[in-house]
Amino acid sequence: MPIYYDPQKHHRRSIRLKGYDYTQPGAYFITLVAHQHEMLFGEVVDGEMILSEYGRIVAEEWERTALVRPYVQLDEFVVMPNHIHGIVWIVDDAVGATRRVAPTANGYPTGLVSKSLGAIVAQFKSIVTKRIAKTRGAPGTPVWQRNYWEHIIRNEAALDRIREYILTNPLRWVLDRENPDRQGEDDFDRWLDSL
């Protein structure tokens, strides 16, 4: 028997900042997690990330993001065994109001807004999924969890701290909340949770 969408049961709440324009220039810290936390992208050996074939696809497509989107600049980035962290800068606001969408009654735009952080992430996830599916010979197999985590970087101190977090993530893998064999708490997690 088919399952139909019921807004009372299947309501999805946005995790984005209500009313914020995610097309505006600025720095955004994002985290994307593999579907069911699967260790697709490689392994950490002695504090160094060793990319698998799929991890290399992720890294290649991340680098391509700025090449195919001139309004994007990339900052620090790391591929971990089952997730990625990166800083994305949206830098070109030349088309401004022509690409903005007025918020709906609940404060969130409907659909993806061109050149927004959501569109950038969706396109990245889509091409990575297609390339990995082709390599796996398994079309339709999910690669990513639905959605992504983001944080708007508001000042230089936060930017520096997030860069440090990204760069040292492989060294702290044993403490990483995404590590199924985690062996303790990471001080960075408490800091990130406070953002």
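You'll find the structure just up there.
Overview of the structure.

## A few points about the packing of aromatic side chains
Given two aromatic rings, one states the distance between the centres and the angle between the planes to describe the pair.
Phase 1: Scanning the model with the defined rule gives 7 aromatic pairs in all.
Phase 2: Ring centres of Phe29 and Trp149 lie 5.3 Å apart, and the angle between their planes is 80 degrees; on these two criteria the pair is classed as edge-to-face. Linking Phe29 in strand β1 (residues 26-33) with Trp149 in strand β6 (residues 149-153), this pair joins segments that are 120 residues apart in sequence.
Phase 3: Residue Phe29 is classed as buried on the basis of its relative accessible area, which comes to 1%.
Phase 4: The partly exposed category is assigned to Trp149, whose relative accessible area is 34%.
Phase 5: Ring centres of Trp62 and Phe77 lie 4.4 Å apart, and the angle between their planes is 5 degrees; on these two criteria the pair is classed as stacked. With Trp62 in helix α1 (residues 53-68) and Phe77 in strand β4 (residues 72-79), this pair connects stretches of sequence that are 15 residues apart. Assigned by exposure class, Trp62 and Phe77 land together as buried.
Phase 6: These aromatic residues form a ring-pair network of at least three members: Phe41, Trp62, Phe77, Phe124 and Trp144.

## A look at unusual backbone geometry
Phase 1: Positioned with a positive phi, Lys115 is a non-glycine residue whose angle comes to about 65 degrees.
Phase 2: By the secondary structure assignment, Lys115 is in the loop between β5 (83-90) and α2 (117-136).
Phase 3: A residue is classified by how much of its surface remains accessible, and Lys115, at 25% relative accessible area, is partly exposed.
Phase 4: For Asn147, which is not glycine, the phi torsion reads 75 degrees and is therefore positive.
Phase 5: Along the chain, Asn147 turns up in the loop between α2 and β6.

## Regarding empty space enclosed by the protein
Phase 1: On inspection of all chains with the given rule, the structure shows 1 cavity of 30 Å³ or more.
Phase 2: Here the largest cavity is characterised by a volume of approximately 40 Å³.
Phase 3: For the largest cavity, the full set of lining residues is Ile30, Leu32, Trp62, Thr65, Val88, Ile120, Val121 and Phe124.

## What to know about the nonpolar core
Phase 1: By size, the foremost hydrophobic cluster in this structure holds 29 residues, and its most contacted members are Phe41, Val58, Ile84, Leu117 and Trp144.
Phase 2: Breaking this core down by element, the ones donating at least two residues are β1, α1, β4, β5 and α2.
Phase 3: No other element matches the 6 residues that α2 contributes to this core.
Phase 4: Formed by 16 residues, the second largest nonpolar core is a distinct cluster that contains Phe29, Ile87, Ile162 and Phe188.

## Comments concerning the sheet that holds β5
Phase 1: Read across the sheet, 4 strands follow the order β4-β5-β1-β6 without closing on themselves; strand pairing throughout is antiparallel. In this open sheet, the two edge strands, each paired with only one partner strand, are β4 and β6. Adjacent strand axes in the sheet meet at a mean angle of 15 degrees when their direction is disregarded.
Phase 2: Sheet topology places β1 next to β6; 5 bridges connect them, and they run antiparallel. Across the sheet, the residue bridging to Tyr28 is Ile152, located in β6.
Phase 3: Where α2 meets the sheet, its contacts fall on β1, β4, β5 and β6, and the angle it forms with β1 comes to roughly 35 degrees.
Phase 4: Docked against the sheet, helix α3 (residues 156-168) engages β1, β4, β5 and β6, running at close to 150 degrees with respect to β5.

Reading guide: rules and limits
- Residues numbered from 1 in each chain as written.
- Predicted model: local features only at pLDDT ≥ 70, side-chain atom pairs only at ≥ 80, totals over all residues.
- Heavy atoms only, no water.
- Phe/Tyr/Trp six-rings, centres within 6.5 Å; stacked < 30°, edge-to-face > 60°.
- Helix = DSSP H or I, 4+ residues; strand = E, 2+ residues; numbered from the N terminus.
- Buried < 20%, exposed > 50% of the residue type's maximum accessible area, 1.4 Å probe, protein only.
- 1 Å grid on protein atoms, 1.4 Å probe; cavity = no way out; pocket = protein on both sides within 12 Å on 5 of 7 lines; lining within 4 Å.
- Points joined across faces, edges and corners; volume = space filled by probe spheres on them.
- Core = buried A, V, L, I, M, F, W, Y, C linked by side-chain atoms within 4.5 Å.
- Pairing = 2+ DSSP bridges.
- Axes fitted to C-alpha atoms, helices over the stretch in contact; angles between N-to-C directions.
- Contact = heavy atoms within 4.5 Å.

So, to be careful, I would describe these as geometric facts and stop short of saying anything about function.
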